[in-house]
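Per-entry structural report
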Amino acid sequence: MGEFVLKTRIFMGKDGLDEILQGVTRAFIVTDRFMHESGKVSYLTEPLEARKIEYQIFSEVRPDPDIATVTKGIEKMLEFQPQVLFALGGGSPIDAAKAMNWLSVQGGLDKKRTFVAIPTTSGTGSEVSRFSVISDPEKAAKYPLVSDELLPDAAILDAELVRSVPPAVTADTGIDVLTHAIEAFVSTGANDFTDAAAEKAMKLVRSNLMKVYKNPDDLEARQKMHHASCLAGLAFSNAGLGLNHGMAHTLGAHFHIPHGRANGILLPYVMAFNAGCHQQLTPVAARYARIARVLRLDGPSVRQSAFSVVRTTKQYIKRLQIPDSIEAAGVSREEFDAALDEMAEAAYQDACTRTNPRACSVEDIKEVFLRAYTGRLI
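Scope of this entry: the structure provided in the associated data block. (Residues numbered from 1 in each chain as written. Predicted model: local features only at pLDDT ≥ 70, side-chain atom pairs only at ≥ 80, totals over all residues. Heavy atoms only, no water.)

**Some words on helix 13 (residues 333-349)**
- For helix 13, built from 17 residues, the straight-helix expectation of 24 Å at 1.5 Å per residue is met to within 8% by its first-to-last C-alpha distance of 24 Å.
- Among all positions of helix 13, only Phe336, Ala339, Leu340, Met343, Ala344 and Ala347 are buried.
- Taken together, the buried residues of helix 13 touch helix 9 (243-255) and helix 14 (362-374). (Helix = DSSP H or I, 4+ residues; strand = E, 2+ residues; numbered from the N terminus. Expected span 1.5 Å × (residues − 1). Buried < 20%, exposed > 50% of the residue type's maximum accessible area, 1.4 Å probe, protein only. Contact = heavy atoms within 4.5 Å.)

**A few points about the environment of Glu3**
- With respect to the helices and strands, the residue Glu3 is situated in the segment before strand 1 (9-11).
- By relative accessible area, Glu3 is classed as partly exposed at 46%.
- Separated by 60 residues in sequence, Glu3 and Pro63 place their C-alpha atoms 32 Å apart.
- The residues contacting Glu3, other than those within four sequence positions of it, are Asn191 and Asn238.

**Brief notes about the sheet that holds strand 4 (residues 84-89)**
- Spatial strand order, 1-8-5-4-2-3: 6 strands in an open sheet with parallel pairing. Pairing within the sheet leaves two strands with one partner each, and these edge strands are strand 1 and strand 3 (54-61). Each strand axis lies, on average, 20° off the axis of its neighbour in the sheet, ignoring direction.
- Judged from the 2 bridges that link them, strand 5 (residues 114-119) and strand 8 (residues 154-156) form a sheet pairing that is parallel. Within strand 8, the residue paired with Val116 across the bridge is Ala154.
- Sheet contacts for helix 5 (residues 91-106): strand 2 (26-32), strand 3, strand 4 and strand 5; angle to strand 4, the most-contacted strand, approximately 155°. (Pairing = 2+ DSSP bridges. Axes fitted to C-alpha atoms, helices over the stretch in contact; angles between N-to-C directions.)

**What to know about the packing of aromatic side chains**
- Summed over the entire model, instances satisfying the criterion amount to 4 aromatic pairs.
- Pairing Phe4 with Phe193 gives two aromatic rings, centres 5.8 Å apart and planes at 25°, and the pair type is stacked. Of this pair, Phe4 sits in the segment before strand 1 while Phe193 sits in helix 7 (residues 192-214); the two residues are 189 residues apart in sequence, bridging distant segments of the chain.
- Residue class for Phe4 comes out partly exposed when judged on its relative accessible area of 24%.
- A ring pair is formed by Phe336 and Tyr373, whose centres lie 4.5 Å apart and whose planes are at 25°; its orientation type is stacked. One end of the pair, Phe336, is in helix 13; the other, Tyr373, is in helix 14, and 37 residues separate them in sequence.
- In this arrangement the basic side chain of Lys14 is found over the ring face of Tyr43, its NZ or CZ atom lying 4.4 Å from the centre. (Phe/Tyr/Trp six-rings, centres within 6.5 Å; stacked < 30°, edge-to-face > 60°. Lys NZ or Arg CZ within 6 Å of the ring centre and 35° of its normal.)

**As for the pairing of strand 7 (residues 141-146)**
- Pairing geometry for strand 6 (residues 131-136) and strand 7, over 6 bridges, is antiparallel. Bridge assignment links Asp136 to a residue of strand 7, and that residue is Ala141.
- Counted along the chain from strand 6 to the antiparallel partner strand 7, the turn is 4 residues long, and its residue Ala140 has a positive phi close to 50°.

**Some points on the pattern of salt bridges**
- According to the stated counting rule, one finds 19 salt bridges in the structure shown.
- In this structure, Glu149 and Lys112 form a salt bridge, with 3.5 Å as the shortest nitrogen-oxygen distance. Here Glu149, found in the loop between strand 7 and strand 8, pairs with Lys112, found in the loop between helix 5 and strand 5; they are 37 residues apart in sequence, far enough to count as distant.
- Glu149 sits in the partly exposed class, given a relative accessible area of 39%.
- Between Arg333 and Asp337 there is a salt bridge, and its shortest N-O distance comes to 3.0 Å. Taken as a pair, Arg333 and Asp337 lie in helix 13 at a separation of 4 residues, close to a single helical turn.
- Members of the salt-bridge network, linked through shared partners, are Glu160, Arg163 and Asp217. (Salt bridge = Lys/Arg side-chain N within 4 Å of Asp/Glu carboxyl O.)

**Some words on unusual backbone geometry**
- Non-glycine residue Asp64 carries a positive phi angle of around 55°.
- Notably, Gln81 is not glycine yet its phi reads approximately 55°, a positive angle.
- Considering the arrangement of structural elements, one finds Gln81 in the loop between helix 4 (67-80) and strand 4.
- Among the residues examined, Gln81 registers a relative accessible area of 34% and is labelled partly exposed.

**A word on the packing of helix 4 against helix 5**
- Viewed as axis vectors pointing N to C, helix 4 and helix 5 meet at an angle of 60°, and their least axial separation amounts to 9 Å. When the interaxial angle is binned, helix 4 and helix 5 end up oblique. Between helix 4 and helix 5 lies a crossing whose hand is right-handed. Contact residues: helix 4 offers Val70, Gly73, Ile74, Met77 and Leu78, while helix 5 offers Ala96, Ala99, Met100, Asn101, Leu103 and Ser104.
- Of the residues contributing to the contact of helix 4 with helix 5, the split by class is 8 nonpolar, 3 polar and no charged. (Parallel < 35°, antiparallel > 145°, perpendicular 65-115°, else oblique. Left-handed = near helix turned anticlockwise from the far one by under 90°. Nonpolar A, V, L, I, M, F, W, Y, C, P; charged D, E, K, R; others polar.)

**What about the side chain of His226?**
- Position of His226 among the secondary structure elements: in helix 8 (residues 219-239).
- According to the relative accessible area criterion, His226 is buried, its value standing at 1%.
- When near neighbours in sequence (up to four residues on either side) are disregarded, His226 contacts Pro119, Thr121, Ser122, Leu157, Asp158, Ala159 and Val162.

**Considerations on the nonpolar core**
- Formed by 76 residues in total, the largest nonpolar core has its most connected members in Met202, Tyr288, Ile326 and Phe369.
- Apart from the residues lying within four places of it in its own chain, the contact partners of Phe369 are Met247, Thr250, Leu251, Leu266, Ile326, Phe336, Leu340, Met343 and Ala344. (Core = buried A, V, L, I, M, F, W, Y, C linked by side-chain atoms within 4.5 Å.)

And the structure:
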């Protein structure tokens, strides 16, 4: 049975806070140390103080939030007993807040509260996705939580919050958006509704990512990338993700490569594998050919269109100064070879691979990793 779940109310601008805060007396903010110490958390604290709303800030979230952080956050939140839980930041604070909110209710420790996500990067789509990824540093692993109950009740998309994001982060998060949209579009769980969201996200990335990469103060393009991220989140939350994310999770965990960058490095190689570019074209190539039409890259045949979108994606990633191979990202061959078996197995076991459009084995994944290490696309 197919479905398309829409739960999160999306506000395009800060004015949505006026409605969210009506009748609220206690609020809990989950963010990271930079947002807190730089004063950017004032985006929330100023309107809370103006309304005399008591609040508490939990700012101990680090990149790739781990089990210990989530556990500590739950303890603080249960002690404070807020009516509203705010997640302010990139994917890490939002993922941590999702896990805190969901686990505290699932475990019978607390009742449901209003949960609001406010992204400060245009990349993860976490504000509208039913996924949360929590890491286990001891095992160098990342665990995806998947449930409709993880979805925030509301999200605020405000380009002012991403105006100061540096170009390198803009590139990494923007490629994350593109990866979400492409993986959702070719997923075995795709349908007309997810296709519509994914297609629009790809078009918005094509028209706006390079603009904000070169001109960070282009607020109109910033807002469009915020929308692209959210649309891609809607697409992959409903259609699922694929091998690219399964590989990126373990690559990032082993070598501390930011998630969006890991996705970007791997994307052309996973696309080439799925389309059958190395040997014989697969039925999935037709879906990549459709992407080529969406991005105005199509040729006279499915083969040429599929090859075109794979090659152009690699070239686009290079223009954004993202490494075009794992080796170029600074991983030595010795380190890579030592981790290869474990990474291939972890990617194979990753829940995200279940909706990958082409069946794959551990050996297939090793081959894709090897191509991504050396930069040998086809």
